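Observations on the model geometry
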Amino acid sequence: MPDTARPRIEGQTFSGPDAEIPSLEGAEVLDCAFRGCALSEASLRGTHLSECSFDGCELAMVDVADALLHGVRFEGCRLTGVRFGDVRRDALGLTAAFESCDLELASFRDLDLRNVAFRGCDLREAVFQDCDLREADLSGSDLAGASFRHADLTGADLRGARNYVIAACENAVAGLRVELPEALGLLAGLRVRLKG
């Protein structure tokens, strides 16, 4: 039986840092656009976001505990320190795309991130532990200090990504798409020293 008490926000556009945005906590938010909104430390706890877009928004430290993200696009947003590992798991997994976003210190622990795009993002010090990153697109991203442990990177795209160190003995890397010289980060993860 559907929860009729759950607030529903549909087909709306919110623009600017002073936009009057209703509480999103626990709401069903469908096909909405957020442009330049200031939502840092906001609660998206229990929110179901579907087919929404966030462009140039401040979303640092938002609470996404028990939230569902389906078909959500983030472009040019600051999402530093967000604990995406706290989202609710369902059969669809997290279906999102991140373009040119600041995801420094974000955590993606124990998530199904198959086919998720992180193109041209700042992922410094991000945590990808026990993640399924098969066919994920991390191209052009800065991965300095990012932690990959027990991650499945089969077929993932790291072309143009930089500053990564990924231990092939701790992660699945078959078919990983990389470019030189950055691919040497795979050897660094094995503590191999190259001499030229």
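This report concerns the structure included in the present document. (Residues numbered from 1 in each chain as written. Predicted model: local features only at pLDDT ≥ 70, side-chain atom pairs only at ≥ 80, totals over all residues. Heavy atoms only, no water.)

**Observations regarding the environment of Leu 180**
Here Leu 180 shows up in the loop between strand 11 (147-149) and helix 1 (184-188). Here Leu 180 falls in the exposed class, since its relative accessible area comes to 69%. On a C-alpha basis, the gap between Leu 180 and Arg 159 in space is 8.8 Å, while along the polypeptide they are 21 residues apart. (Helix = DSSP H or I, 4+ residues; strand = E, 2+ residues; numbered from the N terminus. Buried < 20%, exposed > 50% of the residue type's maximum accessible area, 1.4 Å probe, protein only.)

**Thoughts on the packing of aromatic side chains**
In this structure the tally under the stated criterion is 11 aromatic pairs. Judged by centre distance (5.2 Å) and plane angle (20 degrees), the rings of Phe 14 and Phe 34 are stacked. A residue pair is termed long-range when its members are at least 10 positions apart, and Phe 14 in strand 2 (residues 13-15) and Phe 34 in strand 4 (residues 33-35) qualify at 20 residues. Across the pair, exposure class does not vary: Phe 14 and Phe 34 are buried alike. Judged by centre distance (5.1 Å) and plane angle (15 degrees), the rings of Phe 54 and Phe 74 are stacked. Pair noted here: Phe 54 is in strand 6 (residues 53-55) and Phe 74 is in strand 7 (residues 68-75), with a separation of 20 residues, a long-range link. Each member of the aromatic cluster is reached from another via a ring pair, and the members are Phe 14, Phe 34, Phe 54, Phe 74, Phe 84, Phe 98, Phe 108, Phe 118, Phe 128 and Phe 148. (Phe/Tyr/Trp six-rings, centres within 6.5 Å; stacked < 30°, edge-to-face > 60°.)

**A closer look at empty space enclosed by the protein**
Within this structure, the stated rule accounts for 1 cavity of 30 Å³ or more. Lining the largest cavity are Leu 44, Leu 49, Leu 59, Val 62, Val 64, Ala 67, Leu 69, Phe 74, Leu 79 and Phe 84. Grouping the amino acids of the lining of the largest cavity by side-chain chemistry returns 10 nonpolar, no polar and no charged. (1 Å grid on protein atoms, 1.4 Å probe; cavity = no way out; pocket = protein on both sides within 12 Å on 5 of 7 lines; lining within 4 Å. Points joined across faces, edges and corners; volume = space filled by probe spheres on them. Nonpolar A, V, L, I, M, F, W, Y, C, P; charged D, E, K, R; others polar.)

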